[in-house]
Amino acid sequence: MPIWLDLAIRVLAVVAGFLVLPLVVGQTEHKVMAHMQGRLGPMYAGGYHGWAQLVADGVKFVQKEDITPRDADRRVFRLAPIVALFPYLLVLLVIPLGPGGLVAQALDVGLFFVLAVLGVGVLAVLMSAWASANKYSLLGGLRGAAQLLGYELPLVLAAASVAMAAGTLSLPGIVEAWRPWWLLWQAPAALVFFVAGLAEIRRPPFDMPIADSELVFGYMTEYTGLRFAFFLLAEYVGIVVIAALTTVLFLGGWHGPFADQLGWLWTLVKIFAVSFVIIWLRVSYPRLREDQLQRLCWLVLVPVALAQLVLTAAVKVLT
Amino acid sequence: MSDDGERGTPGKGLVQGLAVTLKTMTRRSTTQQYPDVEPDLPPRSRGVIALLEENCTVCMLCARECPDWCIYIDSHKEEVVVPGAARARQRNVLDRFDIDFSLCMYCGICIEVCPFDALHWTPEFEYSEVDVLDLLHDKDRLGEWMRTVPPPPAHDVLGEPSKEEATAERKAAGPGAATAAKTARPSVRRSASPTAQRPAPASRAEPAPENPEPDK
């Protein structure tokens with residue numbers, strides 16, 4: 001296979017996953033959330049249980065007027081949704097789907113790359129918040145920045161623990177080294193990573209930057225049409241990315257019965273299971289207050305992550 | 001965790017919250033998809049008011065009692081020559097009977113006060129209009145709603161008999177019984193209306209074989 005064809009197939013596959021998986025997760029969220037609240041959710045779009053609801057939403061967003069406020073910093077304002085969306089696309093590049101190199105780009109420093117790229121998210125929040133020339137946007141953006149910077153630390157520490165246990169930064173390498181008993185050993189790190197990941201993608205109960213009841217819609221207040229849709233898409237890709245990272249780092253990725261043939265299926269099943277939990281948490285819990293949010297990060301997650309690091313190191317040295 | 005004073009196991013509330021949503025998800029939703037599925041309304045639902053024009057005497061009670069003043073009535077007098085009567089009778093003829101459902105607040109007072117049962121509730125509710133002015137239903141439209149009036153509920157077996165029944169029975173019993181029923185003596189009254197379940201306490205002394213009381 002010529003190298004350009006190989007490259008094209010890999011990129012196309014990632015883009016397809018990037019476009020399809022968030023829609024599936026979004027539709028699942030519509031239906032799961034509805035049924036958890038005793039409702040039915042979308043029922044008409046597409047004919048069968050509203051399967052085409054998000055497609056209809058997309059068409060609607062495209063039709064809407066693309067408004068840039070007069071006082072906005074136009075270029076930054078228009079760039080922000082792309083900056084919000086793009087890092088997640090890059091992260092999907094290095095997430096291994098199955099054994100035997102079933103990954104778009106097997107980076108040796110995959111974990112490092114992922115964490116670095118995820119950190120770009122705070123930039124998009126600050127850009128959109130400042131450029132909107134709106135005080136609600138600015139408040140939301142500053143809250144978002146404080147939250148993202150704070151939760152970056154437990155996220156990185158928890159990821160470092162599993163990297164230390166596996167002895168590699170390569171994501172396929174980590175999955176390769178994973179053993180079922182790590183579920184117990186790395187459980188605190190998994191929990192910390194998952195919670196910090198939730199906060200990183202600003203999902204309820206960590207949606208203080210958006211907090212629609214007090215900040216209109218936070219840094220997304222001034223956005224309309226396609227740019228707003230990009231932010232929403234970024235949220236759903238974020239769910240997929242956090243679920244995928246949790247799967248790869250802590251739940252053993254493709255490990256499972258018939259991993260050689262069905263590895264990719266196991267990865268997808270685990271990703272969707274974690275996505276379901278993310279939706280479930282959104283339905284069940286109220287939003288954390290700003291001080292509770294920071295308290296949880298600095299007084300609970302960071303110490304737990306540090307203790308996990310010590311535990312990982314100790315087990316690593318003893319065995 | 002019900003109170004700050006007595007905190008349960010940490011995290012118990014979080015788990016309970018998750019359990020509630022999960023349980024709700026597994027249950028079937030009770031949502032009725034309205035335009036596809038007709039709602040199952042109880043017969044006494046207050047949907048729209050129907051007019052039985054023949055019963056209306058243009059007494060204007062409904063229009064006067066209406067808190068919203070949303071009933072408009074016009075009428076004229078007509079002479080009716082009754083053969084054999086000394087002089088011609090006059091009766092009211094209804095020209096216009098409109099209810100403005102954009103003002104109506106569905107209190108049902110007009111139906112309550114109507115002495116001749118000319119107004120009725122019906123459970124029909126699908127009469128929304130694009131133009132608010134079209135919500136003024138005239139007497140023909142109100143008359144058409146009569147077809148949708150559900151049959152009246154069966155008489156409560158434990159309740160008092162209706163006035164009409166009691167009067168008819170009294171008349172059938174003869175003039176003596178009719179005057180006796182008006183007196184307050186309970187024993188006579190009970191024989192006049194055997195289905196009455198609340199006799200005066202004084203009647204307990206004498207046995208009443210035709211009216212056994214089950215609660216004793």
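Predicted model only: the values in this text are computed from it and were never measured.

Draft legend 1. Expanded view of helix H3 (residues 74-94) of chain A. Residues and elements named next belong to chain A. Along H3, the sharpest kink reaches roughly 30°, centred on alanine 80 and followed within four residues by the proline proline 81. Those residues of H3 not exposed but buried are Phe77, Ala80, Pro81, Ala84, Leu85, Pro87, Tyr88, Val91, Leu92 and Val94. For H3, the elements touching its buried residues are helix H1 (3-36), helix H4 (110-118), helix H5 (121-131), helix H7 (171-177) and helix H11 (225-250).

Draft legend 2. Quick look at the UniProt feature "binding site: [4Fe-4S] cluster 1" (unreviewed entry) in chain B. All names here are of chain B. The positions that UniProt labels "binding site: [4Fe-4S] cluster 1" (unreviewed entry) are, in the present scheme, Cys56, Cys59, Cys62 and Cys114. Despite a sequence span of 59 residues, these residues sit close together in the fold, their greatest C-alpha distance being 10.4 Å. By the element assignment, cysteine 56 lies in the loop between strand E1 (48-51) and helix H2 (61-65). With sequence-adjacent residues up to four places away left out, cysteine 56 is seen in contact with Leu51, Leu94, Phe97, Phe116 and Ala118. Structurally, cysteine 62 can be placed in helix H2. Overall, cysteine 62 belongs to the buried group, with 23 C-beta atoms counted inside 10 Å. When residues no more than four places from it in sequence are discounted, the contact partners of cysteine 62 are Ile71, Cys110, Val113, Cys114 and Leu119.

Draft legend 3. Inspection of the interface of chain A and chain B at higher detail. With 12 residues of chain A at the interface, the matching set in chain B holds eight residues. The set of elements that each furnish at least two residues to the side of chain A that touches chain B consists of H1 and helix H12 (259-284) of chain A.

Cut-off values and rules
Residues numbered from 1 in each chain as written. Chains lettered and ligands numbered in written order. Predicted model: local features only at pLDDT ≥ 70, side-chain atom pairs only at ≥ 80, totals over all residues. Bend = angle between axes of the 7 residues up to and from the residue. Helix = DSSP H or I, 4+ residues; strand = E, 2+ residues; numbered from the N terminus. Buried ≥ 20, exposed ≤ 12 C-beta atoms within 10 Å, placed from the backbone. Contact = placed C-beta atoms within 7 Å. UniProt positions renumbered as here; feature names shortened; annotations may be inferred.

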